[in-house]
Amino acid sequence: MQKKLSIRPLESGNQKIRVLLLLGTSHGYGRLLIDGIAQHLYECGCEADFDFRGHLEAIPSWIQDWHGDGIIVRHHLPETFDLLNRMAIPYVKLNCPEMPSDVDVDEDGVGETAISYFQERGFEHFAYFAQCNQYWTRRRRNGIVEAVRRIGRQCSVFVKESAMTMPVCVWPQREQDELVDWLQSLPKPVGLVTAYDMHAKQILELCQAHGIMVPDQIAVLGINNEKWFCRMQTPPLSSIIQNGKRTGYEASRLLLKMIRGEPLPKLPILFPPIGVETRKSTDLIATQDEDVAAAIKLIRNGSDIGLTVEEVVDSVGLSRRTLERKFKKQCGRTLGEEIIRHRIELAKDLLRTSDMPVGNISIRLGFCSHSYFVHLFRDRTGITPTDYRNSFKMN
């Protein structure tokens, strides 16, 4: 049923908009969401009430007596939304695990990031694993499988049909054996993406227990980059970095538009990941062609100092035509395209993580001019370096 919203006019005098947050803080991504929401509410001079709890915990009965202007919710119990609809005030669904949300992760972007990352390392085989079968893991699986399909490959999938996430060690022995059989049957080397960092832990432990080498046979990539957790794994876990703070910020901004009766953007608003933090679980050049592997290693180590195609060719010791042919067959790109791609990735990292001026970044990475760097960056990403940097900042 469509809820009838109570639209509030702009603040006047000392009156402030009051917002209620119904979302969890048990994981790092949830805390990033709250950081982004809190920053926007602070900038707008809003007040906030909080009830931090898990997706499956029932919301407290006092919510129906709460008097405020809008709610940001990350939950998946149907009764939660039945109650919110009865309250008849604006609310934003943020990353709700079991239903379409107003603001959410771009799962196609997650899939593209994961598979491109493995392709850059020479992988030709791909797999996906999830400990449970929920709305969000299905969306994540679809994003991964579709990204693999776009490059003309197939993705092996193992998803436990349970709706609950649980450690593999408590699965029935038959199911544990099926998972091990699946891991052993995968073509090697394979790039395996897990639905979440904590799902990756189970794969790493099984590989260690059954003599499957990580990353030499199975390179394991998590999602969410819970740093303390990833560093504690054996080997330390590489993971996709989600843009949680920006997602929370935009959810808050959307709610205030609803409260004020302003025109809304097209929904849902989706946020792709920032990138990948590489640790030892994926630290491998997967191609078995030694010449291509040598070229990839040179490009990875030398793109920040103006490496040229001629220098790569001279170092590998083949004719340019032969190396280009082998590299294109393995990686789907020319040597020059790969050098530029890697240099742009280095630029994106500097734009995200430093305050170095854009002109200095172009010099640091060996571009012949600032204007050429801006042109290439816009051609590869669709936006200028400055706009890219601003998309990760909330001033």
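Residues numbered from 1 in each chain as written. Predicted model: local features only at pLDDT ≥ 70, side-chain atom pairs only at ≥ 80, totals over all residues. Heavy atoms only, no water.

Chemist: Please set out the overall build of the protein chain residue by residue, giving values where relevant.
Modeler: A count of helices and strands for the protein chain gives 15 helices and 12 strands. Taken against the 2.2 N^0.38 rule, which gives 21 Å for 395 residues, the C-alpha radius of gyration of the protein chain at 23 Å falls within 12% of a compact globule. Taking the principal axes of the C-alpha coordinates as reference, the protein chain spans close to 75 × 60 × 35 Å. Within the protein chain, the fraction of its 395 residues that count as buried is 52%. (Helix = DSSP H or I, 4+ residues; strand = E, 2+ residues; numbered from the N terminus. Rg over C-alpha atoms; globule rule 2.2 N^0.38 Å. Buried < 20%, exposed > 50% of the residue type's maximum accessible area, 1.4 Å probe, protein only.)

Chemist: Give a description of the state of the cysteines that names residues and reports values.
Modeler: With the rule as written, the count across this model stands at zero disulfides. With no disulfide partner, Cys46 has as its closest neighbouring cysteine sulfur the one in Cys44, 5.2 Å distant. We note that Cys207 lacks a disulfide partner, and the nearest cysteine sulfur, in Cys155, lies 16 Å from it. (Disulfide = S-S within 2.5 Å.)

Chemist: I'd like a description of helix α5 (residues 173–185), backed by residues and values.
Modeler: Here α5 is 13 residues long and its end C-alpha atoms lie 18 Å apart, about the 18 Å a rise of 1.5 Å per residue gives. What α5 keeps buried is the set Glu175, Gln176, Leu179, Val180, Trp182 and Leu183. One side of α5 holds all its buried residues, which, seen down the axis, span an arc of 155°. For α5, the exposed residues set more than 90 degrees away from the buried face come down to Arg174 and Ser185. (Expected span 1.5 Å × (residues − 1). Arc of directions from axis to C-beta.)

Chemist: Any chance you could break down the sheet that holds strand β6 (residues 126–130) for me, citing the residues and the numbers?
Modeler: If you trace the six strands from one edge of the open sheet to the other, you get β7-β6-β8-β9-β10-β12, paired in mixed fashion. Each edge of the sheet is formed by a strand with only one pairing partner; in this case those strands are β7 (155–159) and β12 (275–277). Strand after strand, the sheet turns through a mean of 25° between neighbouring axes, direction not considered. One ladder, built from four bridges, connects β6 with strand β8 (residues 190–194); its direction is parallel. In the strand pairing of β8, Ala127 is matched with Leu192. Strand contacts of α5: β6, β7, β8 and β9 (218–223), with the helix running at about 170° to β7, the strand carrying the most contacts. (Pairing = 2+ DSSP bridges. Axes fitted to C-alpha atoms, helices over the stretch in contact; angles between N-to-C directions. Contact = heavy atoms within 4.5 Å.)

Chemist: An account of unusual backbone geometry is requested, with residue identities and associated values reported.
Modeler: Following Val214, the chain continues into Pro215 via a peptide bond in cis, with omega recorded as 10°. With respect to the element layout, Pro215 can be found in the loop between α6 (197–209) and β9. Here the amide bond leading from Thr234 into Pro235 is cis, since omega sits at -5°, within 30 degrees of zero. Its location among the elements puts Pro235 in the loop between α7 (227–232) and β10 (238–241). Although it is not a glycine, Asn224 adopts a positive phi angle of roughly 115°. The exposure class of Asn224 is buried, given its relative accessible area of 16%. The backbone phi angle of Asn225 is positive, close to 55°, even though this residue is not glycine. Topologically, Asn225 is positioned in the loop between β9 and α7.

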